[in-house]
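Structural overview
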Amino acid sequence: MTLKTWIKTITLYDLLVGMKTTMSHMLHYKPITLQYPHEKRTLPDNYRGMLALLRYEDGTEKCVGCDLCEAACPSRVIRVVSAEVPGEPTKRYSKEYYMDMTRCLFCGLCVDACPVDALGMTREFEWSVYDKRQLHLNKEQLLAIGDRSFPVREKQLELQHPNVAFFNVAFKHLPQKPG
Amino acid sequence: MATTTTETVRLTIDGIPISVPKGTLVIEAARRVGVMVPHFCYHPKLKPDANCRMCLVEVEKMPKLQTSCSTLATEGMAVRTATTVVHDAHKSVLEFILANHPLDCPVCDQGGKCDLQDFSHEYTATSRFIETKRIFQKEYFSPLIETQMNRCVQCLRCVRYCDEVMDVKALAPVGRGTMTEIKSFGAHPLDCEFCGGCVQICPVGAITSRLSMYEYRPWMLKRADTVCTFCGDGCQITVQTKDQELIEVNSAQGAGRNSGDLCARGFFGFHAASHPSRVTHPLIRRNGVLVEATWEEALEFVAEQTNRLKLAHGPHAFGGLITGRCTNEELYLFQKFMRLTIGTNNLDSSARYGHVNGVQAMRMVQGTHRWTVTFEDIVQADVLLLVGTNITEANPITGLKVKEAVKKHGATLLTIEAIQAAVGTISNISNLSEQHFCVAPSQFGAAVLGLLKAVVESNYVDSAISQRASDYVLAVSQAVQQLTWNDLALDTGISRESFVQMAAALTGGRRVVALAGQTLLRSQGSYGICLNLLDLLLLTGKLTAQGCGFAPLAEENNDQGAVEMGAVAALLPGALDLTDQDARTQIARVWKEDLPLAAGATLIEMIDRAQAGIIKGLFVIGENPVGSLPPQIGAKEALGKLDLLVCQELFLTETAELAHVVLPAASAMEKAGTFTNTEGHVQAVRPAIDPVGDSRPDWEILSAISVFMGAPLEYSEAKEILKEIRAVIPGYGSLGPSPIPPAVDRVAVDRYVNEGYRQDLTTRYTLPARAMRPEGTVQLGLVQSLFHSGKLSTHSKGLLQIEPSGFLQMNPVDAARFGLETGDRVRLSNGRGEFTTTAKVFDRVPEGLAWFPDHFAQAALRLFDCAVDPDTKVPYCRTASVSVMKTT
Amino acid sequence: MLGSGGVTVMEEGTDMVWAALRLMEFFYHESCGKCSPCREGSSWLVQTMRRIVAKRGQMEDLETLVHLCKNIEGRTVCAFGDASVAPIMSTLKHWRPEYVALIQAAEAANLIKLEPAAARH
Ligand code: SF4
Ligand code: SF4
Ligand code: SF4
Ligand code: SF4
Ligand code: SF4
Ligand code: SF4
Ligand code: FES
């Protein structure tokens, strides 16, 4: 054992090296705790918060009631009751749409599953409630969340895509057969 | 003719050797070794069409790829389905099929059970298609069937099914090339049999059921395999439910006696069980009105009153009626309840309306209460004789078997029906027949006698029978000699030559099946006519031969079971005579008590006795005598006089409205048990949903009443009753793939030809009274409609879409005579009353007749008279002579 | 020369791509629509050809054309499918430069460039 190692051992040098960051914090004290709710963090770009149902530009609901989100959800949060849009024969929509947010694990699988991008994850996270029944949301509530979180809306799907000229329209609005 | 060859060929599929019967398609052989070749247009029910090209496989020594759905397996063939070439071919064909396919899956009802989806997943098909997709204008198709032609892959399965299997030909491909589109004939919404076959057979979402549109995804549904309750064919149905809600009914390919085919009632009629007007709570009459009560109150009331009446007036002051829609277990328990707990034989079931005619005739001549043939025998028959079956409407699936025999196996069809050959929106069996006699129901007897006369006079009598029973043959010959061809021709309009021709065809057949249906079994004198038909088979030597037999068709789904369970006055369980000493001891041993001996009253007799005040209490389970018998019989007044009328019902029928207590019964969708179909096949009924409201299965109710009465008949589940049934009728209800039909009992036949026939030979060998048809009148007949069954189906929203109300259907010639057109109001009247309805001109109604559907005939019933068969006590009230007048 | 057993004589200098399109239009019109490859294939080919002739083609189209033709050939119910691809197959073989010229003209004019990524789903 050389003198150097002996001194290092006696002064607990390795320990000091290890504790360097901790020690320095002790010296220059700067708190990192955010004073929530007075202070708020900036959320990462792809933050997965509260779910919402979206609308098209003209205000119609995007959801076509396909039940795929219900099938995709690993924790059975979603329940869709689909039906024909009243007054618009053959057009499908979700007559009722429920999310039991107490069970949601914010995995985003439902958003991925949705073929019409009718679901979105907002950046809302302040959803603590006193009664957990309040987290059982219906379609109107989910649409309202979408309305306040996604002010910019997409155009109707059928007009977007040259090859999807026919999708979930009432038959009275059928586009003409191309000549 | 089906050549049931045992010849086999050996081939290899992907190296796996297999031997299959000659004539097997490669795709079927592949399926046997577990290789699934993707396909769209192939379907085991249909002839190969090979149009989708999806099933291409490589066959050694063949230059091009072959379609496995149209290539027959041959000896030494080496098929490869898993090579790159084959895979690429599948992928490319899929790419073509997807080229014009819309991206509709999210809104398509087929999503999740779609062949195209599955194959696209399998081949991870991507498309390079960047052109404009073809789009069809959406046209209104039908209120029950939804089409979305953009999704069609033009496999023509629907078209072929509708033609080959249904013989309806309602669909056709219209247009050419990519613009080929499936449409119904005519510029109007689809008008067809609504069998739902095209919905079931479409591999994609191009044809779907509008009734359940957008209500479900396949993975949400719970399935229950059960049996349809709408007719005696006993089709197996799979009821699909979502949270106690009835969503859809279908039938798996090859399942049950129907092998996956259904009729409109089975496919679209399932909503009857969930109709909002179901009785969901027990009702007791208090101060003249029916009010809700608890089960305890209701049962206590029934038990108390029953015990009181029994003490005061004895057991024979009671009667019981049950419908043939109940399960075997319920029918059995019902007769046990009546015979044991009450102690009377006054009990009857809906089999009394007609089915007993056929059964008693069979018992008389061949000593069985069941068919000696099966559906398979019908399909394999080479001559089929249909007498008054109205088969398309009354027994659609038996009708399909007949169609299959004729269309696929080239059988000769002979028909004696009250129907005119005509092309219509629903299939017409007489279009397929080699020889068709269109006679009025009242003259079926004459037509059968004509056939018998032709057989005797042309020496077609089987030599074996003339040797064995010369007296019988002589008696029959003499009896038919009394009839003159002239009279026969006047009655039926059929010449001697035609009779001889049909008799020759009948005698020439090797496997001959004679079917008698509802129209015959419910028309006057039908017991005698059934006996004559059996004589006909006996004389031509067709009764005892292999694959031959007589087949009376049951109308209600368990009429056959009702007879076999002894739920008719004169028969014990096992369809044995009430006086049969062996049977009585056997039953007494199981029941541990003797059963009453006094002959019981039948349906009409019970009503008469109630009228006379002899019967004081009546248990009615699902029957509706007030609603189904003409008012002349006075059922309403008679039941009004009762001290106790207990109804176990689904709906508040005309009879239930008179009841003192109405107990809510569970429908067949809500209970377990067994049904016996018309050919004697016992099939399991399974609950698809929980009983609606407070309703309970009928057997539970009966059991509970007996407990409250202090004479408990206790069972914990329906299976226990079945166990007891097996103890009484050994071997009953062996559920299996195919029933073993009982054989003709030779002893019984001998008894018949030596002795039995004498009893009524002369009466049944006289011509029925010639129908007098004064000017300005028609013979009004109550008929079965394809779209309804009894009154039950009028609670089904799907069927009401097709046929919401009754029309008077009339031949164009008659209609012209009365100056009527479709839609005109018409007044029918006779001495008994009058009735106004709407007329409809209908090609298939024979001249001089007019039809009105039984299911809506409530107000028309007053026009009818009722005659009761002296032997079988069947009430005949299906025809009436009425004068017709156009009104506004 | 161009399939279906018929001989078509054309003037020297005829636009072969146009000629192939004309023949293809004929086959498209005549296709009965029974089997999928011919039914869907002929409409696809015609649409692509029309695009090329209208100077809206792209280089990938040529490969697609060849593929489609090969996929139709030998996989149809009747010989019509085999015949219907012959005009495109033979013109592509012998007059490929004419096709290329048309497409290059299209690309140069940049009339429309279908975004392949967006168009393929
Ligand atoms: S985020 Fe995940 S857990 Fe939440 S609803 Fe969607 S799929 Fe279900
Ligand atoms: S996946 Fe999208 S369109 Fe489908 S039901 Fe869910 S939210 Fe609606
Ligand atoms: S038919 Fe099949 S592939 Fe086509 S849209 Fe419907 S589910 Fe999708
Ligand atoms: S509708 Fe369905 S069954 Fe009929 S041709 Fe089209 S894909 Fe085939
Ligand atoms: S539902 Fe109508 S069109 Fe479809 S197969 Fe049956 S009869 Fe034919
Ligand atoms: S009504 Fe008769 S034929 Fe129709 S599905 Fe039911 S059992 Fe079958
Ligand atoms: S399944 Fe063989 S060609 Fe369609």
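Definitions and limits used
- Residues numbered from 1 in each chain as written.
- Chains lettered and ligands numbered in written order.
- Predicted model: local features only at pLDDT ≥ 70, side-chain atom pairs only at ≥ 80, totals over all residues.
- Heavy atoms only, no water.
- Patch = residues over 30% accessible without salt bridge, like charges linked within 9 Å, V, L, I, M, F, W, Y side chains within 5 Å.
- Areas by Shrake-Rupley, 256 points an atom, 1.4 Å probe, with all protein chains shown as cover.
- Salt bridge = Lys/Arg side-chain N within 4 Å of Asp/Glu carboxyl O.
- Helix = DSSP H or I, 4+ residues; strand = E, 2+ residues; numbered from the N terminus.
- Contact = heavy atoms within 4.5 Å.
- Buried area = accessible area lost by both parts, 1.4 Å probe.
- Nonpolar A, V, L, I, M, F, W, Y, C, P; charged D, E, K, R; others polar.
- Phe/Tyr/Trp six-rings, centres within 6.5 Å; stacked < 30°, edge-to-face > 60°.
- Buried < 20%, exposed > 50% of the residue type's maximum accessible area, 1.4 Å probe, protein only.
- Lys NZ or Arg CZ within 6 Å of the ring centre and 35° of its normal.

Structural notes on a nonpolar patch on the surface
Residue and element names in this part refer to chain A. There is a patch of nonpolar side chains on the surface, built from Leu12, Leu15, Leu16, Met19, Met23, Met26 and Leu27 and spanning about 740 Å² of accessible area. Sorting the residues of the nonpolar patch by element identifies α2 (13–18) and α3 (20–27) as the ones contributing at least two each. Top element by residues in the nonpolar patch is α3. It accounts for three residues. Looking at where Leu16 falls in the secondary structure, it is placed in helix α2.

A few points about the interface of chain B and chain A
With 27 residues of chain B in contact, the opposing surface of chain A contributes 26 residues. Summed over both partners, the interface of chain B with chain A buries about 2200 Å², with 61% contributed by carbon and sulfur atoms. On the chain B side of the interface with chain A, the three residues burying the most area are Pro106, Ile135 and Tyr214 of chain B, jointly 29% of the side's total. Joining chain B to chain A, the criterion identifies two salt bridges. The partner of Glu84 of chain A in a salt bridge is Arg210 of chain B, with the nearest N and O atoms 2.9 Å apart. In terms of residue class, the side of chain B that touches chain A is made up of 14 nonpolar, four polar and nine charged.

Describing the packing of aromatic side chains
Within the structure shown, the criterion is met by 19 aromatic pairs over all chains. Between Phe267 of chain B and Phe268 of chain B, the aromatic rings sit 4.8 Å apart at their centres with planes inclined by 85°, giving edge-to-face as the arrangement. By relative accessible area, which is 3% here, Phe267 of chain B ends up buried. With a centroid separation of 5.5 Å and 70° between ring planes, the pair formed by Phe27 of chain C and Phe80 of chain C is classed as edge-to-face. With Phe27 of chain C in helix α1 (residues 16–30) and Phe80 of chain C in helix α4 (residues 79–94), this residue pair connects regions lying 53 residues apart in the sequence. Residue class for Phe27 of chain C comes out buried when judged on its relative accessible area of 4%. Take Phe80 of chain C: its relative accessible area is 23%, and that puts it in the partly exposed class. Chaining the aromatic ring pairs together yields one cluster made of Tyr36, Tyr47 and Phe125 of chain A. Above the plane of the ring of Phe842 of chain B lies Lys840 of chain B, whose end atom (NZ or CZ) is 5.9 Å from the centre.

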